[in-house]
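Remarks on the overall topology
Chain by chain, the residues:
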Amino acid sequence: MSERAAERRRSLHGEWTSRLGFILALAGSAVGLGNIWRFPYLAGENGGGAFVLLYLLFVFGIGLPIMMSEVLVGRRGRRNPVTTMRLLGEEETGKSAWRFVGGLGVVTGFLILSFYSVIAGWTVAYVFESASGAFRNAGAETVESIFQSISGNELATGAWHTLFMVVTIGVVVLGVEQGLERAVRFMMPLLIALLLVLLGYAMTSGSFIEGVVFLFEPRFDELTAEGALDALGQAFFSLSVGMGAVMMYGAYLSEKESIPRSCAWVVAMDTSVALLAGLVIFPIVFANGLDPAAGPGLVFQSLPLAFGQMAGGVVFAVLFFIVLMFAAWTSAISLMEPAVAYFMETRGWTRPKAALLVGVTIWLLGFLTVMSFGAWSDVTFWNGTWFDNIDYLSNNVFLPLGGLAIVVFAGWVMARNSTAEELDPSAGRGYRIWRWTARYVAPIAVALVLLNAVGIF
Ligand code: PHE
């Protein structure tokens, strides 16, 4: 081990209390609106089966090796992504330019959280809407008009967005280790239990088979190059990889823990939750004659129908949207942490100062998303509204580029000894599989999908 690597052994900001703590925190980052809100609506827009199959291939063939690369880089660097990439880049090649990869990640985190918080705000609004009993026996039209009146009301969504940012900043001020593990330990099983209750309802909705077929029967003629890029972006987004969030959490991981095993767990958990959400939503969509390609409102227009019809629906709905809000919260924290650690470590800012300045910037930026679902919903350029563009740029462009750079760095630039040291070569086959996918499968696949989308290939 090099001296510099040895010097950094201890984490700057403390460590997770156990391997379970790390897995829980990483799962808390991964499982969020991406699984319940974004995956179903993208699958719906892109025709279902073929998109889902590609998504699964990307998750395991690209996302998993990149996640492992991020954790190993993060644990070795022990700093915010910018400094970590600079230090490791200097150590391995003598050049510091790799820091720009970290920088891109920090910027991407700002962009993603600016719209993420607005959608999370909707879930808060839905807690109250559910509690008021508005969904009881509601039909598709009522549910749709409730969604329009919430998402289109800038004052209300702006206020929920503000509230969500305040609680996110609050946790980041306290430091990531406190509370996060405990929150996830409690919330994750609850989320899965509630999804299982909904699954039970979906099975009796009369359109369960139709939903399953839509989700799993690959019809490749419905998949476009843009759809493939959507699947790639969603794989990155859902696993939280490509922007340094995972690298940051890796920086807090103790020496002793096995990276491959932790990552495999998180990926399995994240994928199960997404598929479960799809299995719940599409039967409800078909049973009620909704449009699977309805877009970002899909979850908010389908689940309330189920809650409105089932026994105890009000209680389940309130619980569900609370849990979803918590899941979004644990993801939002990880979106902010790289930027906050960056300003603390390089500018010497205190944690509260860094969290406040980063948080307020993101909060202000979020109002453009608020407006793009309201008064500016027909102001479009490039890919559509402000939200469409910021979503496309961050998830379909920046995350894949960031992930590509990270996996090339870990697979090609870092010496074999360095990565073996972190990934525990005693795992033998596990290490070889990682190295092979990190060097060949992941970079080639990402490059092909990107080139395909711009029409070069
Ligand atoms: N993975 C989170 C979700 O699915 C979103 C996220 C993306 C979090 C990138 C951190 C980094 O909701």
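Described below are features of the structure shown in this document. (Residues numbered from 1 in each chain as written. Predicted model: local features only at pLDDT ≥ 70, side-chain atom pairs only at ≥ 80, totals over all residues. Heavy atoms only, no water.)

Considering helix α16 (residues 351-372)
For clarity, the cut-off: For the purposes of this entry, the term helix denotes a DSSP run of H or I that reaches at least four residues, the term strand denotes a run of E that reaches at least two, and both are numbered from the N terminus. The span expected for a helix works out to 1.5 Å for each residue beyond the first. Any residue under 20% of the maximum accessible area for its type is buried, any over 50% is exposed, and the rest in between are partly exposed; the area is computed with a 1.4 Å probe on protein chains only. It is the directions from the helix axis to the C-beta atoms that the arc portrays. Contact between two residues is taken to exist if any of their heavy atoms lie within 4.5 Å; hydrogens are not considered.
In this model α16 runs 32 Å from its N-terminal to its C-terminal C-alpha over 22 residues, within 8% of the 32 Å that 1.5 Å per residue would give. Every buried residue of α16 is accounted for by Arg351, Ala354, Ala355, Val358, Gly359, Ile362, Gly366, Thr369, Val370 and Ser372. Taken around the axis of α16, the buried residues stretch over an arc of 135°, which confines them to a single face. Of the surrounding secondary structure, the elements contacted by the buried residues of α16 are α6 (99-131), α8 (154-174), α15 (313-347) and α17 (386-413).

Some points on the side chain of Thr419
Where we set the bar: Contacts described as polar in this section are N or O atom pairs within 3.5 Å, which, within protein, must combine one atom able to donate a hydrogen with one able to accept it, while residues neighboring in sequence count only if both atoms come from side chains.
In this structure, Thr419 sits in helix α18 (residues 416-423). Thr419 sits in the buried class, given a relative accessible area of 0%. Side chain to side chain, Thr419 and Tyr431 meet in a polar contact 2.7 Å long. Ignoring any residue separated from it by four or fewer positions in sequence, one finds Thr419 in contact with Leu72, Ala410, Met414, Tyr431, Trp434 and Arg435.

Points about unusual backbone geometry
Despite not being glycine, Asn137 shows a phi value in the positive range, around 55°. Of note, Ser240 is a non-glycine position whose phi angle comes to about 65°, a positive value. Counting through the fold element by element, Ser240 comes out in the loop between α11 (225-239) and α12 (245-250). On the accessibility criterion, Ser240 (11% relative accessible area) is buried.

Description of the nonpolar core
So the rule is basically this: What is meant by a nonpolar core is a set of buried Ala, Val, Leu, Ile, Met, Phe, Trp, Tyr and Cys residues, joined one to another through side-chain atoms within 4.5 Å.
Core analysis: the biggest nonpolar cluster contains 162 residues, and Trp37, Phe320 and Met336 have the highest contact counts within it. With sequence-adjacent residues up to four places away left out, Trp37 is seen in contact with Phe115, Ile119, Trp122, Pro296, Val299, Phe300 and Phe387.

Details of the site of the ligand
Put simply, the test is: We call a residue near a molecule or strand as soon as one heavy atom of that residue lies within 4 Å of the molecule or strand. In this classification, the charged set is Asp, Glu, Lys and Arg, the nonpolar set is Ala, Val, Leu, Ile, Met, Phe, Trp, Tyr, Cys and Pro, and all remaining amino acids, among them Gly, are polar.
Among the 14 residues in the neighbourhood of the ligand, the closest are listed as Ala30, Gly34, Tyr116, Phe237 and Ser240. Backbone polar atom of Ser29 to a nitrogen atom of the ligand: 3.2 Å apart, as the coordinates give it. The contact in question runs from a nitrogen atom of the ligand to an N or O atom on the backbone of Ser238, over 3.1 Å. Considering only residue class, the shell around the ligand consists of six nonpolar, eight polar and no charged.

As for helix α13 (residues 259-287)
Taking 1.5 Å per residue, 29 residues should reach 42 Å; α13 reaches 43 Å between its end C-alpha atoms and fits that length. Buried residues dominate α13, accounting for 22 of its 29 residues. Trailing α13 by a residue or two, Gly289 shows a phi angle of about 65°, which is positive.

Some points on the environment of Ala274
Turning to its location among the elements, Ala274 is positioned in helix α13. Look at Ala274 and you get buried, because its relative accessible area is 0%. Expressed as a C-alpha distance, the spacing of Ala274 and Gly34, which sit 240 residues apart in the sequence, is 7.9 Å. Residue contacts for Ala274: discarding those within four places in its chain leaves Asn35, Phe39 and Tyr55.

Read these as geometric descriptors, not functional statements.
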